[in-house]
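Next come the chains, spelled out residue by residue.
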Amino acid sequence: MQTFGIFAAGYIFRPLGGVVLAHFGDIFGRKRVFAFSILLMAFSTLAIGLLPGYQTVGLISPLILVGLRMLQGIAIGGEVPGAWTFAAEHVSQRRVGAACGFICAWLGLGVFFGASITAMMSWLLSPENMLTFGWRVPFLVGGALGLLAVRLRQMLQETPVFVSLRERNMLVPELPLKVVIKRHCRGIVISVLCTWILSATVVLLLLMVPTILQRVYALDHQIALVAASISTISLVISVILAGFVLDRIGVGRFFILGGLLMLVGDLAFINMTGVTSGTVYLLASCIGMSGAITTGVPVVMVLCFPPEVRFSGISFSYNVAYAVFGGITPVALAVLLGVQPHFHTYYLLFISLLSVGLGLYFLVTGSFVEQSE
């Protein structure tokens, strides 16, 4: 509970970072905000790796940790919506699915990279050494790579869409968030529901896979970590392929198909009891593959808001929803799994039905996502 509570601290501060950074993104450009968000993330991550322990500074240590998690939350609040907006505005409308698919894939690879380092450190080090200094390594490596990413992003060009808005003097003269709330309520609701699907996918199919496999199915720690890595790689591959599929079949059909595919992951969880390690890894790949619907979430959100307030619209909807669903879900699952060991399968079933429902709605409304409200 304490671990997931600190984890949730970052989610709670996502809306603050998202709203503030997105405001400047709609006013001054996507590139500047995109570079600043990774700088803030690199600094806070590196600082966690260098954090003095409780034995050295006492209660100040966990308090600083919570503060750094808050900075990470502020950074990611602008990072993810910024990445989706930046990528989508650099390609034609017929390639938005593929672009967002690659962004989702790289986000998944980040999770895989962190999980792989953790698994390697757990294998190389004793539990005592892992608690003493091994836990710092993923944060130090991640922070160093973040600083490298800062340099790379300085080389990027501003999106053609924003350049066109600026040249035609079409930037929003008032607070972008005010325009979003006033004129695009339907887009907010749809984006919140899509974010709910995204957060459930990330938490259930990526972040909490090791915890679920160990607590519910009593699997060995190392097997659980390997299974989580396989699940992540499977998801990375599936979201890339899903992007190309989405561009061909459209948002509505894609969400219906993605919701049905999520049932495959649910069945994989259900059949995880009493199987060999090889079967565990096979089922883990099915679990990751069932998260392909993730690609459709940013596509819908990009289309829900016009370019002049797109960054703010996506960021506000995504971060508020993720602060609620992403922050509460790990803590709630940690508690409810003790009451109902298979609660995660019921939750995943609900998310799959929600996905299918949204897909049917998109089919009925047709081109609603391209209409200004």
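Predicted model, so just to flag it, every value in this text is computed and none were measured. (Residues numbered from 1 in each chain as written. Predicted model: local features only at pLDDT ≥ 70, side-chain atom pairs only at ≥ 80, totals over all residues. Heavy atoms only, no water.)

## Considering helix H18 (residues 343–365)
- In this model, H18 (23 residues) spans 33 Å end to end at C-alpha, consistent with the 33 Å of a helix rising 1.5 Å per residue.
- Among the residues of H18, those classed as buried are His344, Thr345, Tyr347, Leu348, Ile351, Ser352, Leu354, Ser355, Val356, Leu358, Gly359 and Phe362.
- Where H18 is buried, its residues contact helix H11 (185–207), helix H12 (209–215), helix H14 (251–270), helix H16 (296–304) and helix H17 (310–339).
- Phi turns positive one or two residues past the end of H18, at Gly366, with a value near 70 degrees. (Helix = DSSP H or I, 4+ residues; strand = E, 2+ residues; numbered from the N terminus. Expected span 1.5 Å × (residues − 1). Buried < 20%, exposed > 50% of the residue type's maximum accessible area, 1.4 Å probe, protein only. Contact = heavy atoms within 4.5 Å.)

## Here we look at the packing of aromatic side chains
- All told, the structure shown has 12 aromatic pairs when counted by the stated rule.
- When the centroid spacing of 5.2 Å and the interplanar angle of 80 degrees are considered together, the rings of Trp84 and Tyr318 count as edge-to-face. Of this pair, Trp84 sits in helix H5 (residues 60–88) while Tyr318 sits in helix H17, and the two are 234 residues apart along the sequence. Comparing Trp84 with Tyr318 shows no difference in burial state: the two are buried.
- Note on Phe102 and Phe244: the rings are 6.2 Å apart at their centroids and 85 degrees apart in plane angle, and the pair reads as edge-to-face. Taken together, the positions of Phe102 in helix H6 (residues 96–124) and Phe244 in helix H13 (residues 221–249) put the pair 142 residues apart, joining distant regions of the chain. (Phe/Tyr/Trp six-rings, centres within 6.5 Å; stacked < 30°, edge-to-face > 60°.)

## Brief notes about the packing of helix H3 (residues 30–49) against helix H8 (residues 136–153)
- At a minimum axis separation of 7 Å, H3 and H8 run at an interaxial angle of 160 degrees. Here H3 lies roughly antiparallel to H8, going by the angle between them. With respect to the hand of their crossing, H3 and H8 are arranged in left-handed fashion. Contact residues: H3 offers Lys31, Phe34, Ala35, Ser37, Ile38, Leu39, Ala42, Thr45, Leu46, Ile48 and Gly49, while H8 offers Arg136, Phe139, Leu140, Gly142, Gly143, Ala144, Gly146, Leu147, Ala149, Val150 and Arg153.
- Class assignment for the residues of the contact of H3 with H8 results in 13 nonpolar, six polar and three charged. (Axes fitted to C-alpha atoms, helices over the stretch in contact; angles between N-to-C directions. Parallel < 35°, antiparallel > 145°, perpendicular 65-115°, else oblique. Left-handed = near helix turned anticlockwise from the far one by under 90°. Nonpolar A, V, L, I, M, F, W, Y, C, P; charged D, E, K, R; others polar.)

## Structural notes on the nonpolar core
- Grouped together as the largest cluster of nonpolar side chains are 77 residues, with contacts concentrated most on Trp84, Cys194, Ile197, Leu213, Phe255, Val300 and Phe362.
- Residues within four places of Cys194 in sequence aside, it is in contact with Phe255, Val297, Val300, Leu358 and Phe362. (Core = buried A, V, L, I, M, F, W, Y, C linked by side-chain atoms within 4.5 Å.)

## Considerations on the side chain of Ser312
- Considering the arrangement of structural elements, one finds Ser312 in helix H17.
- Note on Ser312: relative accessible area 5%, which makes it buried.
- Setting aside chain neighbours within four positions, we find Ser312 in contact with Ala22, His23, Asp26, Pro176, Leu177 and Val180.

## Concerning the environment of Leu63
- Inspection of the secondary structure assignment puts Leu63 in helix H5.
- A relative accessible area of 57% places Leu63 in the exposed class.

## Considering the confidence of the model for the chain
- Looking at the chain, the pLDDT average stands at 88 and 98% of residues meet or exceed 70.
- Low pLDDT, under 50, characterises residues 369–373; the predicted model gives this stretch 10 contacts beyond four residues in sequence or across chains. (pLDDT = per-residue confidence, 0-100.)

## Here's the deal with a nonpolar patch on the surface
- A cluster of nonpolar side chains, namely Phe113, Leu145, Leu148, Leu152 and Met155, defines an oily patch on the protein surface of about 510 Å² accessible area.
- In terms of residue count, the dominant contributor to the nonpolar patch is H8 (three residues). (Patch = residues over 30% accessible without salt bridge, like charges linked within 9 Å, V, L, I, M, F, W, Y side chains within 5 Å. Areas by Shrake-Rupley, 256 points an atom, 1.4 Å probe, with all protein chains shown as cover. Salt bridge = Lys/Arg side-chain N within 4 Å of Asp/Glu carboxyl O.)

## Topic: unusual backbone geometry
- Phi at Asn169 is positive, roughly 55 degrees, even though this residue is not glycine.
- Along the chain, the position of Asn169 falls in the loop between helix H9 (160–167) and helix H10 (176–183).
- Given a relative accessible area of 70%, Asn169 falls into the exposed group.
- Of note, the phi angle at Ala218 is positive, near 55 degrees, even though the residue is not glycine.

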